[in-house]
Amino acid sequence: MAAPAAIRSVAGMTEHPAGSSLAPAGPPQGEAAISVSDLRMHYAEREALTGLSFEVFRGELFALLGPNGAGKTTTVEILEGYRCRTGGQVSVLGADPWLASRSWRARIGVMLQETGPEPDLSVAECLGLYGGYYSHPWPAGDLLELTGLDAQAGLRATQLSGGQRRKLDLALALTGRPQVLFLDEPTTGFDPAARRDAWDTIAALKNTGTTIVLTTHYMEEAERLADRVAVITAGALVSQGPPGSLIARQATPAITFTLPAGLTTEDLPEPARRTVSGPPGRTVTLPAPSPLPMLRILADWADQAGHDLRDLEVRRPTLEDAYLQLTGETDPETAP
Ligand code: ATP
């Protein structure tokens with residue numbers, strides 16, 4: 001799906017400076033493209049947002065994370081101007097999205113979870129049609145190349161696979177060269193290779209200076225792409241910051257190995273015996289903020305007693321670990 005040539009051509013045509021690396025360049029600070037203060041949303045029977053406050057800086061990729069029903073889509077729909085909030089202040093590119101003008105809308109790109117592009121048009125025709133709504137659209141050819149849809153250019157949207165439909169959704173969201181791009185679960189339904197290609201495309205778009213708000217349930221996606229993430233549960237923001245900071249605040253590295261046959265955790269050397277965590281079983285988990293001293297103790301003990309520490313691993317915590325702790329959800333792999 002990535003097509004750096006197309007992205008470079010676009011970077012040269014936008015007013016944003018083009019970046020040179022696909023990797024996140026750290027959290028950019030400076031002017032806020034989006035400001036949200038005490039945002040509230042009350043549906044008929046439910047308080048969906050209970051007072052969110054955050055900023056998204058220009059050129060930043062900001063990921064909104066949270067369990068199903070946490071309020072991510074509601075937040076994004078308010079930022080996009082599709083939904084009227086019931087309280088708080090919101091500014092996107094200097095305007096209140098609910099009251100914003102057509103020219104403001106032309107500066108915003110939206111990739112929704114479900115879209116319905118024209119069923120009777122081919123992919124290329126569809127891109128051409130949407131391009132007609134903007135004064136300086138991306139050429140359909142660039143968008144096809146960028147999203148890896150060249151081979152499907154002549155197919156109708158109804159003939160596309162689920163993943164190909166998402167690529168078309170992304171291409172349509174990019175048509176007007178948006179300054180702020182909203183991506184709502186952009187890689188759902190992608191096969192692993194297509195997802196990695198999509199990540200390259202999104203990272204390259206960020207490097208053109210586009211401000212991107214991403215919602216996703218793939219923690220690896222957020223960890224890889226986002227400058228900063230915000231975690232929402234039950235309509236409240238519980239943590240925000242660069243992925244590395246959230247991980248460091250929330251989770252520690254752990255040493256794991258399989259307990260040698262015939263031993264229990266009581267047979268482990270100190271301080272390993274005192275620090276064992278996790279469910280009882282043959283797999284031992286030892287939280288270890290700096291793993292090396294603990295590894296030495298274990299290695300000496302195993303050497304002297306002639307034990308084999310099978311499956312020995314030092315596991316670096318991921319954003320998923322931090323997220324699961326913050327949201328109180330359980331990792332299905334370690335759930336009893
Ligand atoms: P998901 O990850 O499943 O997409 P989400 O974090 O995007 O979830 P929202 O779709 O924003 O969550 O929903 C937040 C809460 O608001 C949920 O409890 C949902 O049932 C409720 N809600 C969303 N849209 C409406 C609506 N139009 N009318 C009433 N309640 C709604």
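Residues numbered from 1 in each chain as written. Predicted model: local features only at pLDDT ≥ 70, side-chain atom pairs only at ≥ 80, totals over all residues.

### Observations regarding the overall build of the chain
In terms of helices and strands, the chain carries 12 helices and 12 strands. Every one of the 336 residues in the chain was classed for burial, and the buried ones make up 39%. When contacts within the chain are restricted to residue pairs at least 6 apart in sequence, those whose partners lie at least 24 apart make up 71%. (Helix = DSSP H or I, 4+ residues; strand = E, 2+ residues; numbered from the N terminus. Buried ≥ 20, exposed ≤ 12 C-beta atoms within 10 Å, placed from the backbone. Contact = placed C-beta atoms within 7 Å.)

### Looking at the confidence of the model for the chain
Taken as a whole, the chain shows an average pLDDT of 85; of its residues, 87% reach a score of 70 or greater. Long-range and interchain partners of residues 1-27, a stretch whose pLDDT sits below 50, account for 54 contacts in this model, where long-range means more than four residues apart. Counting interchain partners and residues more than four positions distant, the pLDDT-below-50 stretch residues 331-336 has four contacts. (pLDDT = per-residue confidence, 0-100.)

### Section: the site of the ligand
All residues adjacent to the ligand are Tyr 43, Arg 46, Ala 48, Gly 66, Asn 68, Gly 69, Ala 70, Gly 71, Lys 72, Thr 73 and Thr 74. Within the residue set of the shell around the ligand, elements represented by two or more residues are β2 (46-57) and α2 (72-80). When its residues are assigned to classes, the shell around the ligand shows three nonpolar, six polar and two charged. (Near = placed C-beta within 6 Å. Nonpolar A, V, L, I, M, F, W, Y, C, P; charged D, E, K, R; others polar.)

### What to know about the environment of Ile 255
You can see Ile 255 is positioned in strand β10 (residues 254-258). Residue class for Ile 255 comes out buried when judged on the 20 C-beta atoms lying within 10 Å of it. Sequence separation between Ile 255 and Val 314 is 59 residues; the distance between their C-alpha atoms is 4.5 Å. Once you skip the residues sitting within four places of it in the chain, Ile 255 turns out to touch Leu 286, Ala 288, Pro 291, Met 294, Leu 295 and Val 314.

### Re unusual backbone geometry
Residues Glu 270 and Pro 271 are joined by a peptide bond in cis, for which omega reads 0 degrees. Here Pro 271 lies in the loop between β10 and α10 (272-275). If you check the backbone angles, Asp 38 has positive phi at about 50 degrees while not being a glycine. When you line up the elements, Asp 38 lands in strand β1 (residues 32-43). Of note in the backbone geometry, Arg 177 takes a positive phi value of approximately 50 degrees without being a glycine. Along the chain, Arg 177 falls in the loop between α6 (162-174) and β6 (180-184). Residue classification places Arg 177 among the buried positions, given that 21 C-beta atoms sit within 10 Å.

### What to know about the nonpolar core
Counting 67 residues, the largest nonpolar core has Ala 63, Val 213 and Leu 214 as the members making the most contacts within it. Once residues within four sequence positions are removed from consideration, Leu 214 is found in contact with Leu 61, Ala 63, Leu 183, Ala 222, Leu 225 and Ala 226. Core analysis: the next-biggest nonpolar cluster, separate from the first, contains eight residues, Ile 255, Val 284, Ala 288 and Met 294 among them. (Core = buried A, V, L, I, M, F, W, Y, C linked by C-beta atoms within 7 Å.)

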